[in-house]
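# Analysis of the macromolecular model
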Amino acid sequence: MATTNPKRTRVDAVYDALRADVLAGRRPPGERLKFPDLGAAYGASVSVIREALTRLAAEGMVTSQAHQGFTVTELSADSLGDLTDARIALESLVLARSIEEGDVAWESQVVATHHTLERTPLLSDEPVRVSDEWVQAHAAFHAAILAGCSNRRLVQITQALRDEAELYRRWSFPLGVERDRDLAGEHRRIMELTMARDAAGATEALRDHIAHTTRLLEEYIATAT
């Protein structure tokens, strides 16, 4: 009979809570993550906190330096540029493979997640803040279009890069602040080209979408630093 590892379960819970706090901006860029404070906040031992932080460091959400401990990842235009280059290269590859390999169930998931995204309000009741519901719907749509790829390693790598990029999206002004940007139209175009099995058109639309968002985030970083 399989048994549950209590420590592993506790690490997972603390990891999930810490990750949610970082993504929500409750632990802002550059914050020192001190073990006593985290232990008190999450009710966990130093070993559990360390393991959770190590997992977050592997995802790029926190950084670790010798003799300095862990900190929440800083905003960096250079880092964002490198991240964008990697995302454009890998997500284009994985989307093309999804279009080639995806089945009817994959198509249905793409259409369903787009339907949810298109009908979810972008902004929350608070000013200059993207709603949590939209963030979740946005992540689900982008995950869905890549999920048709049969190479799970590639899918996992692209998801890790998207998670890292989510830090920038969460910490910036809302993606809809550019008055003339048709964000819904960008997602609709990606979905329609994907469903048409137009790999060249869909990957070009995805690249433009990622690059456009990056430009807005770079402008935000320039004003915030």
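Residues numbered from 1 in each chain as written. Predicted model: local features only at pLDDT ≥ 70, side-chain atom pairs only at ≥ 80, totals over all residues. Heavy atoms only, no water.

### Some remarks on helix 6 (residues 132-146)
Counted at 1.5 Å a residue, the expected span for helix 6 with its 15 residues is 21 Å, and the 22 Å between its end C-alpha atoms agrees. Buried within helix 6 are the following residues: Trp-134, Val-135, Ala-137, His-138, Phe-141, His-142, Ala-144, Ile-145 and Leu-146. (Helix = DSSP H or I, 4+ residues; strand = E, 2+ residues; numbered from the N terminus. Expected span 1.5 Å × (residues − 1). Buried < 20%, exposed > 50% of the residue type's maximum accessible area, 1.4 Å probe, protein only.)

### Observations regarding helix 5 (residues 104-118)
For helix 5, with 15 residues, the first-to-last C-alpha span of 21 Å sits near the 21 Å given by 1.5 Å per residue. Along helix 5, the residues classified as buried are Trp-106, Val-110, Thr-113, His-114 and Leu-117. The buried residues of helix 5 occupy one face: seen down the axis, they fall within an arc of 100 degrees. Residues Val-104 and Ala-105 are exposed on helix 5 and point more than 90 degrees away from its buried face. The residue sitting at the N-terminus of helix 5 and contributing the capping side-chain oxygen is Asp-103; that oxygen lies 3.2 Å from the backbone nitrogen of Ala-105. (Arc of directions from axis to C-beta. Polar contact = N/O pair within 3.5 Å; in protein donor to acceptor, adjacent residues only side chain to side chain.)

### Side note on the domain arrangement of the protein
How big an interface is tends to be expressed through the accessible area that disappears when the partners come together. Taken domain by domain, the protein consists of domain 1 (10-72) and domain 2 (77-224). Its C-alpha centre places domain 1 at a distance of 26 Å from the equivalent point of domain 2. Taken together, the 12 residues of domain 1 in the interface contact 7 residues of domain 2. The largest share of the area that domain 1 buries against domain 2 comes from Leu-23, Pro-29 and Glu-59, three residues that together contribute 53% of it. In this structure, the connection of domain 1 to domain 2 is made through 1 salt bridge. With its nearest N and O atoms 3.0 Å apart, the salt bridge here joins Asp-163 to Arg-19. For the side of domain 1 that touches domain 2, the element with the highest residue contribution is helix 1 (residues 6-23), accounting for 3 residues. Classifying every residue of the side of domain 1 that touches domain 2 gives 7 nonpolar, 2 polar and 3 charged. (Domains from an automatic or database assignment. Contact = heavy atoms within 4.5 Å. Buried area = accessible area lost by both parts, 1.4 Å probe. Salt bridge = Lys/Arg side-chain N within 4 Å of Asp/Glu carboxyl O. Nonpolar A, V, L, I, M, F, W, Y, C, P; charged D, E, K, R; others polar.)

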